[in-house]
Amino acid sequence: MLNYQYPVYRPPSESESLIFQITLGCSYNKCSFCDMYRNKKYYEKSVDAVKNEIKAMSDKLPKTKRVFLADGDALNIKTSNMIQILEYLYSKFSELERVSCYAMPMNLLKKSEDELNNIRNAGLKLLYFGIESGSDKILKKITKGATHNTIIKACTKAKKSGYELSCMIILGLGGKKYTIEHITETATIINSISPKFIGALTLNLENGIKDEFLNKFNEIFDPINDDDALKELELLITNINTKNKIIFRANHASNAYSIKGTFPSDKSVMLKQISWLRDHPECSRPVGFRGF
């Protein structure tokens, strides 16, 4: 059976996926906005332990189609171990269609192109990648451990190896002072890498992480309000210019307003929705809102 060490996190789109913890916690664990793994010491499970869990679950859920590899740092393990786990997954789940995990810039940059190619060929298909912000100033303040350029380099490297990217950004991460820089520089990254998916969340500082975030920000942080978040969404969508198909979602529970669509075809529709919401702030979505 699965031997979870809680809490266990996964992206919203993996809600129906079978989750295997092949690592516990996060090897970096310094991002000031994230307290997901602060109560865990980073640890990598042995391949044999993971295989035992896979075998047990394949007997119970043989028709599993999607698997998510947790915790926050699965791609940090040795390439040979990852390949063994992936090959065993596909051998035990005959209907398995996709395996995914979180990825950090440092994960991708420290592996060679051959390693990433081999992992992709073994069946890891989708990477959830936190851009958070495109502003170097904000990335430094939140101790992300990455820069504007290293984010682009890491994502470009992953795409070259055939991975699909689902990238997250955080509205309000620069507060009111850096709102324009935050959004315009983030859009620059998106335009450069054209991920398959973009998810926009809104900054929500839990009590356990708030003091650390504010201390590391190292200046007065004036948080955005719901109107500001809508302005950031409008600026972001306006500045995303791509001929490639990008599925955009800003409908996370942290968001005051729900916007979704596909670039480039729905760009004007999303901007019209935002205009409507500005005039109807009491609503979370426009009248006649249609799912894309």
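Look up a bit, the structure's there.
Residues numbered from 1 in each chain as written. Predicted model: local features only at pLDDT ≥ 70, side-chain atom pairs only at ≥ 80, totals over all residues. Heavy atoms only, no water.

Visitor: How should the packing of helix α6 (residues 148-160) against helix α7 (residues 179-193) be read in this particular structure?
Guide: The angle between the axes and the distance between the axes are what describe a pair of packed helices. Following both chains from N to C, one finds α6 and α7 inclined at 25°, their axes separated by 10 Å at the closest point. By the criterion of interaxial angle, the relationship of α6 to α7 is roughly parallel. Handedness of the α6/α7 crossing: right-handed. Together, His148, Ile151, Ile152, Cys155, Thr156 and Lys159 of α6 and Glu185, Thr188, Ile189, Ser192 and Ile193 of α7 make up the contact between the two elements. Of the residues belonging to the contact of α6 with α7, the class tally is five nonpolar, four polar and two charged. (Axes fitted to C-alpha atoms, helices over the stretch in contact; angles between N-to-C directions. Helix = DSSP H or I, 4+ residues; strand = E, 2+ residues; numbered from the N terminus. Parallel < 35°, antiparallel > 145°, perpendicular 65-115°, else oblique. Left-handed = near helix turned anticlockwise from the far one by under 90°. Contact = heavy atoms within 4.5 Å. Nonpolar A, V, L, I, M, F, W, Y, C, P; charged D, E, K, R; others polar.)

Visitor: Sorry, what's going on with the layout of surface pockets here?
Guide: Where empty space is left becomes clear once a probe the size of a water molecule has been rolled over the atoms. Space inside the largest pocket adds up to approximately 1400 Å³. Lining the largest pocket are 46 residues, with Pro12, Met36, Tyr102, Met168 and Leu201 sitting closest to its centre. At the level of elements, β5 (98-103), β6 (124-132), β7 (164-171), β8 (197-202) and β9 (246-250) are the ones that each hand at least two residues to the lining of the largest pocket. Ranked by residue count, the leading element in the lining of the largest pocket is β8, at six residues. Split into classes, the residues belonging to the lining of the largest pocket amount to 25 nonpolar, eleven polar and ten charged. Computed from the structure, the second largest pocket encloses a volume of approximately 160 Å³. Surrounding the second largest pocket, Leu171, Gly172, Thr202, Leu203, Leu205, Lys210, Leu214, Phe221, Pro223 and Ile224 form its lining. Residue classes in the lining of the second largest pocket are distributed as seven nonpolar, two polar and one charged. (1 Å grid on protein atoms, 1.4 Å probe; cavity = no way out; pocket = protein on both sides within 12 Å on 5 of 7 lines; lining within 4 Å. Points joined across faces, edges and corners; volume = space filled by probe spheres on them.)

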